[in-house]
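Descriptive analysis of the structure
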Amino acid sequence: MSDSAPLVLLIEDEADIRDALSTLLEMEGYRVEQCVHGEDAWAWLHANPPPSLVLLDLMMPVLDGQSFLLRLAQARMLEGVPIVVLSGSPFKPDGAVAYLRKPVSVSQLLEMVGRLLPSPEPGPGEPHTS
């Protein structure tokens, strides 16, 4: 996978969901950075260049998704970076460009990510489908 592939910041407290989504996105050619909660992601954002896209759970310990979005807005961080909320909660919070209700289908997630990010370059031996 190339360093130029779009980077997705995945903020999700449930390890099985985090791992499954990361694997899925990496198989599609995206780079993925995982954070366990909003505070973890906040620290990551201060130490790294901004991601291309954020996938954010709402209900997490330490710093939940709603509070994380508020903190981003107050700090004027990640302006222009699309944030997609993945949650069992039935509402889309302010600051998110889109909302996917859990359990998220693979096709829904890939369609949403594909609309918001440039296609990653296919790896060796993979067909180019654009």
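Below is a summary of the structure that appears in this document. The structure displayed is predicted, hence computed values, not measured ones. (Residues numbered from 1 in each chain as written. Predicted model: local features only at pLDDT ≥ 70, side-chain atom pairs only at ≥ 80, totals over all residues. Heavy atoms only, no water.)

A few points about the packing of aromatic side chains
Throughout the structure, instances matching the rule amount to one aromatic pair. Here the aromatic rings of Trp42 and Phe68 are separated by 6.4 Å at their centres, their planes lie at 90 degrees, and the arrangement is edge-to-face. Residue Trp42 is located in helix H2 (residues 38–47), and its partner Phe68 is located in helix H3 (residues 65–75); the two are separated by 26 residues in the primary sequence. Judged on exposure class, the residue Trp42 and its partner Phe68 are both buried. One residue, Arg71, lies across the ring of Trp42, its end atom 5.0 Å from the ring centre. (Phe/Tyr/Trp six-rings, centres within 6.5 Å; stacked < 30°, edge-to-face > 60°. Helix = DSSP H or I, 4+ residues; strand = E, 2+ residues; numbered from the N terminus. Buried < 20%, exposed > 50% of the residue type's maximum accessible area, 1.4 Å probe, protein only. Lys NZ or Arg CZ within 6 Å of the ring centre and 35° of its normal.)

What to know about the sheet that holds strand S5 (residues 98–101)
Taken together, five strands build an open sheet; the order of strands is S2-S1-S3-S4-S5 and the sheet is parallel. Edge positions in the sheet fall to strand S2 (31–35) and S5, since each has one partner strand and no second. Strand-to-strand, the axes of this sheet are offset by a mean angle of 20 degrees, without reference to chain direction. As defined by bridge partners, strand S1 (residues 7–11) adjoins S2 across five bridges and the pair is classed as parallel. Note that in S2 the partner of Val8 across the bridge is Val32. Sheet contacts for helix H1 (residues 15–27): S1, S2, strand S3 (53–57) and strand S4 (83–87); angle to S2, the most-contacted strand, approximately 165 degrees. (Pairing = 2+ DSSP bridges. Axes fitted to C-alpha atoms, helices over the stretch in contact; angles between N-to-C directions. Contact = heavy atoms within 4.5 Å.)

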